[in-house]
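# Structural characterization, general
Chain by chain, the residues run as shown.
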Amino acid sequence: MKWWTVMFFTIFLAVMCCIRAGAENDADFTEVSARSAILVCRNNGRVIFEKNPDEKLGMASTTKIMTALIALEQAKAEDKEVTFKMNMAAEGSSMYLKDGYKLRLSDLAAGMMSVSGNDAANAAAFAVAGSKENFGKLMNSRAEQIGMKNTHFVTPSGLDDDGHYSTARDMAKLMDYAMNNEAFAELTAKKNVMVDFISPEKMSVSYRNHNKLLSLYEYCNGGKTGFTTKSGRCLVSSAEKEGVRLVAVTLNAPDDWNDHIKMYEYGFSKLSAVENADDGYCLNIDVAGGKADSVKLIPVKGVDYVKSSDSKGRLTRRVIADRFLYAPLEKGQAVGTAQYFLDGEKICEIPLVTDSAVDALESKKSIIQNIFDFFAGIFR
């Protein structure tokens, strides 16, 4: 056998070993315990990893993300006083509310997101919509607005029902949406919450968050646990590292904590954030009829985006603006847009505004107007 033949087979075998090793590493990662899972970048909506993401499954108490969100939105307008009644009671995890206890609607949300209180979820449903059935309609209406196409809510607590289901993809959409609510984001990040009851007076209870990922993983900033015998262990969580924001969902996952940590480590290794790209960009535009001949256009904010860590792509800009503008112009007036592309894909569109005001030139009066003003002055 000639030397070049030996060399060819040696290189071939080495390449195949590398490919196989890479495949084994990918296989190791995809071996999450969950029946259904997804990892999504909140910055741009990109799916980083998925496993049966559209399979309809029970989501147990992760349902309370929706219930708590609606309760907090209502509480922002009116944080009403809620009196707990026995028809609001429920089996399973609880805030241990008793008949006649009084607390705020926002405190019910705290009980849901910490100790997963089924009693708190039912009480919130009655307080907001008058019944669990009416609240279910409200939940489904909001799900449709969010774009949860394969979800149907029945119970505010997440207790099993044949008509109560979702998907990993839909629950990721819900968590992403909820994290944009400041009150929700603040609440879900707390390891402990203190609830001060209206009645019994001077009664305060500290509730510890069931989401252990807040302690197990340093970049975790929120989430909701869930479990029923039928649905198994369910977990929806969020994490942020160096500007990259991720959401992870696992449904029916025996090893959910490690599943989420594994997915996050994978996602953060693949992505990096770029902040204030194109900083300092400005564009001079001619002005007609103004005391200044031109004006500078600047973006209203910096260009923030997330890219693959190994991406060699270059950020490009496309400006949409008129060739000249007419005075008068106000400072900060939107007069164009800058579209930004990475690897040919549009990542954002940012308004361009004037950097300064431009006053219009005073128009010269006609002879007739001057004569009219002269006689008008005499008669006055």
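Residues numbered from 1 in each chain as written. Predicted model: local features only at pLDDT ≥ 70, side-chain atom pairs only at ≥ 80, totals over all residues. Heavy atoms only, no water.

### Regarding the packing of aromatic side chains
Tallied over the entire structure, the rule returns 6 aromatic pairs. Look at Tyr-217 and Tyr-264: their rings are 5.6 Å apart centre to centre, the planes differ by 10°, and that puts the pair in the stacked class. Remark: Tyr-264 occurs in helix H9 (residues 256–270) and Tyr-217 occurs in the loop between helix H8 (213–216) and strand E7 (220–228); sequence separation between them is 47 residues. Each member of the pair Tyr-217 and Tyr-264 is classed as buried. Seen in terms of ring centroids, Phe-324 and Tyr-326 are 5.3 Å apart; in terms of plane orientation they differ by 75°. Their pairing is edge-to-face. Judged by its relative accessible area of 60%, Tyr-326 falls in the exposed class. Site record: aromatic cluster; members linked through ring pairs are Tyr-217, Tyr-219, Tyr-264 and Phe-268. (Phe/Tyr/Trp six-rings, centres within 6.5 Å; stacked < 30°, edge-to-face > 60°. Helix = DSSP H or I, 4+ residues; strand = E, 2+ residues; numbered from the N terminus. Buried < 20%, exposed > 50% of the residue type's maximum accessible area, 1.4 Å probe, protein only.)

### Considerations on the pattern of salt bridges
Here the structure, examined in full by the defined rule, presents 10 salt bridges. Here Arg-42 ties to Asp-176 by a salt bridge, and the two come within 2.6 Å at their closest N and O atoms. Note that Arg-42 is positioned in the loop between strand E1 (36–41) and strand E2 (47–51) and Asp-176 in helix H6 (residues 168–179), a separation of 134 residues in sequence. By relative accessible area, which is 12% here, Arg-42 ends up buried. (Salt bridge = Lys/Arg side-chain N within 4 Å of Asp/Glu carboxyl O.)

### A closer look at the side chain of Gln-339
Take Gln-339: it is sitting in strand E16 (residues 334–342). Within the local environment of Gln-339, its side chain forms a polar contact with the side chain of Glu-349, the two groups lying 3.0 Å apart. Residues within four places of Gln-339 in sequence aside, it is in contact with Thr-316, Arg-317, Arg-318, Ile-320, Lys-346, Cys-348 and Glu-349. (Polar contact = N/O pair within 3.5 Å; in protein donor to acceptor, adjacent residues only side chain to side chain. Contact = heavy atoms within 4.5 Å.)

### What to know about the nonpolar core
In this structure, Met-66, Leu-108, Met-112, Phe-184 and Val-249 are the most contacted members of the largest nonpolar core, which totals 57 residues. The biggest single contributor to this core is helix H2 (residues 64–77), with 8 residues. Those residues within four positions of Met-112 in sequence are excluded, and the remaining contacts are Lys-64, Thr-67, Ala-68, Ala-71, Gly-117, Ala-120, Ala-121, Ala-124 and Lys-224. Grouped together as the second largest cluster of nonpolar side chains are 23 residues, Leu-214, Cys-220, Ala-239 and Val-244 included. (Core = buried A, V, L, I, M, F, W, Y, C linked by side-chain atoms within 4.5 Å.)

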